[in-house]
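# Inside the fold
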Amino acid sequence: MAFAYFPHTEDDVRQMLDRIGAESLDDLYSDVPQDVIYREEYDLPDALSEHEVRQYFDNLASRNHKMMCLCGLGAYDHYSPAVIPHIISRSEFLTAYTPYQPEVSQGTLRYIFEYQSMITGLTGMDVTNASMYDGATAAAEAVMMAMASTKKKTRVLLSEGLLPSVIEVVRTYAGFNGIGITMVPCVDGVTSYGALVAELAAGDVAGVLVPGINRYGIIEDMTGFADAVHAQKGLFIVYSDPSSLAVIRTPAQWGADIACGDAQSLGIPMCFGGPYVGFLACTKEHVRKLPGRIVGATRDVDGKRAYVLTLQAREQHIRREKATSNICSNQSLMALYVTVYMSLMGPQGLREVNEASYGGAHYLHDELIGTGLFSKAFDKPFLKEFTLHAEVPAADIQAALAKFGIFGAVEVGPGLVNFCVTEKISKEDVDDVVNVLRSSFKKEE
């Protein structure tokens, strides 16, 4: 055979071609214009030994410039314990895919069950599914849940305080499902309760999606939001940073029907943008509309604890027209990652991460204002990231920081820049950042 790893024999190929009435494999591409078919030899490099391949990629990696990250906006540079990669590479976790056969998938089912238990513990919700692609798709699926649960309503309200990437993905889902999107403006950096109530009064609202911590880093006060939404027979959805839920009010405490967000903040390295893992949780009343799958605990024939798929509402398992979503896979390996992280950290560890991040962020906030290059943008509570008004162009600040290997001051609005501090940033690091800015803009002070 021409290709050693292709399973089909020449006779197999001939039988398939005869069945469809084709003379050769080339006939399968007869509709492709001849002038776009490449007929030359491919310019492929010579084969390399394993050592040479490793050396090649080591050389490529050495060209990367590692920078100190002072940006948030949905991607957080939290510390990831070294033991996690070793645990998630164990064969009972790494090699398993969809656990159709519980007899041989107990490793996968066990960690999914633990993941669900921990996410419900953080959010305060009753049930969660076995993870989503990322926070943005989780938010979009939450909107779809709201539409499915309220039937005849045609629009959803989104806070302008949501991350732009979340808004864009929700808009994409909505555009192809006939869902109207109405934006609720932010006033003084937070979602306007007055504007929200006015839009609800206009009617036809299936759900409202608001961030627990918004794009400016402000912890939103959602007092009265759930009551206002429920009074109009809609669902209240809160988009959360799960790491922060160890120290701030949970979606359940705000009266949310659905909670969603990205669990990247639970120790997953930023990895140039992925893979991340979305979470989606809800109250018991809406579990039948929850996409994906849910793992439950039971007993086997010997009375021992075992784990099984208890609810599978995705189209891979049931008729498409009955499915809650076309989500057919998930970020299960990343769900395992954050499960190990949460197991290692525990409630106290997560509190300490937030306390360290809070202290560093507030120290940087005050020191930056002290340089005279920044001023307060909003007088609102924040945890680990914040927004300041820049007195000089944001691009100049970014360039000055980049010269010293610092990534920060992402522009989030006209003259507004974002900074974020996690437990990985020390007081000395913050002092270095401030000194860099002082020296770079000495003439402007």
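In what follows, the accompanying structure is described.

Cut-offs used in this document
Residues numbered from 1 in each chain as written. Predicted model: local features only at pLDDT ≥ 70, side-chain atom pairs only at ≥ 80, totals over all residues. Heavy atoms only, no water. Axes fitted to C-alpha atoms, helices over the stretch in contact; angles between N-to-C directions. Helix = DSSP H or I, 4+ residues; strand = E, 2+ residues; numbered from the N terminus. Left-handed = near helix turned anticlockwise from the far one by under 90°. Contact = heavy atoms within 4.5 Å. Nonpolar A, V, L, I, M, F, W, Y, C, P; charged D, E, K, R; others polar. Pairing = 2+ DSSP bridges. Phe/Tyr/Trp six-rings, centres within 6.5 Å; stacked < 30°, edge-to-face > 60°. Buried < 20%, exposed > 50% of the residue type's maximum accessible area, 1.4 Å probe, protein only. Core = buried A, V, L, I, M, F, W, Y, C linked by side-chain atoms within 4.5 Å. Salt bridge = Lys/Arg side-chain N within 4 Å of Asp/Glu carboxyl O. Expected span 1.5 Å × (residues − 1). Arc of directions from axis to C-beta.

### Topic: the packing of helix α11 (residues 394–402) against helix α12 (residues 427–440)
Running from amino to carboxyl end, α11 crosses α12 at an angle of 120°, the nearest separation of the two axes being 10 Å. Along this stretch, α11 crosses α12, giving a crossing that reads as right-handed. For the pair α11 and α12, contact is made by I397, A400 and L401 and by V433, V436, L437 and S440, respectively. The residue makeup of the contact of α11 with α12, split by class, is 6 nonpolar, 1 polar and no charged.

### Notes on the sheet that holds strand β16 (residues 410–413)
Taken together, the 4 strands give an open sheet; going across it, the order is β13-β14-β17-β16, and neighbouring strands pair in antiparallel fashion. Each edge of the open sheet carries a strand with a single partner, namely β13 (374–376) and β16. With strand direction ignored, the average angle separating the axes of adjacent strands in the sheet is 50°. Judged from the 3 bridges that link them, β16 and strand β17 (residues 416–420) form a sheet pairing that is antiparallel. In the sheet register, G413 faces β17, and the bridge partner there is L416. Strand contacts of helix α10 (residues 332–370): β13, β14 (385–390) and β17, with the helix running at about 5° to β14, the strand carrying the most contacts. Here α11 sits on the sheet in contact with β13, β14, β16 and β17, set at roughly 160° to β16.

### Here we look at the packing of aromatic side chains
For the coordinates displayed, the defined rule picks out 10 aromatic pairs. Ring centres of F386 and F419 lie 5.9 Å apart, and the angle between their planes is 25°; on these two criteria the pair is classed as stacked. A residue pair is termed long-range when its members are at least 10 positions apart, and F386 in strand β14 and F419 in strand β17 qualify at 33 residues. You'll find F386 and F419 in the same group, each marked buried.

### Details of the nonpolar core
Ranked by size, the top nonpolar core spans 38 residues in total, and within it L266, V277 and V338 carry the most contacts. For this core, the elements supplying multiple residues, two or more each, are α3 (83–88), α5 (106–123), β10 (278–282), β12 (305–312) and α10. The element that contributes the greatest number of residues to this core is α10, accounting for 10 residues. L266 has contacts with L122, P242, S243, V338, Y341, M342 and L350, leaving out every residue within four places of it along the chain. Core analysis: the second largest hydrophobic core is formed by 34 residues, A139, A142, L235 and L280 among them.

### Side note on the sheet that holds strand β9 (residues 258–262)
Strands belonging to one sheet form pairs held by backbone hydrogen bonds; the direction of such a pair is parallel or antiparallel. Spatially, β2-β10-β9-β8-β7-β3-β4 is the arrangement adopted by the 7 strands of the open sheet, whose pairing is mixed. Edge strands, defined here as strands with exactly one partner in the open sheet, are β2 (127–128) and β4 (180–184). Here 4 bridges tie strand β3 (residues 155–159) to strand β7 (residues 205–211), and the two strands are oriented parallel to one another. Among the inter-strand pairings, L157 is bridged to a residue of β7, identified as V208. Helix-sheet contacts for helix α7 (residues 164–175) involve β3, β4, β7 and β8 (235–240), and the interaxial angle to β4 is about 155°.

### Brief notes about the pattern of salt bridges
Scanning all chains against the criterion turns up 9 salt bridges. Across the pair E114 and R110 runs a salt bridge whose closest N-O atoms are separated by 2.8 Å. With E114 and R110 both in helix α5, this residue pair falls 4 residues apart, about one helical turn. One salt bridge in this structure joins K384 and D241, with 2.9 Å as the shortest N-O distance. Note that K384 is positioned in the loop between β13 and β14 and D241 in the loop between β8 and β9, a separation of 143 residues in sequence. Residue classification places D241 among the buried residues on the basis of a relative accessible area of 11%.

### Overview of α12
The end-to-end C-alpha distance of α12, which contains 14 residues, comes to 20 Å, matching closely the 20 Å that a straight helix rising 1.5 Å per residue would cover. Within the sequence span of α12, burial applies to D429, V430, V433, V434, V436 and L437. Seen end-on, α12 carries its buried residues on one side only, within an arc spanning 155°. In this fold, the buried residues of α12 make contact with β1 (68–69), α10, β13, α11 and β15 (406–407).

### Details of the environment of V83
When you line up the elements, V83 lands in helix α3. The class for V83 is partly exposed, based on a relative accessible area of 36%. With 254 residues separating them along the chain, V83 and Y337 place their C-alpha atoms 10 Å apart.

Without other data, these values stay purely geometric and don't point to any function.
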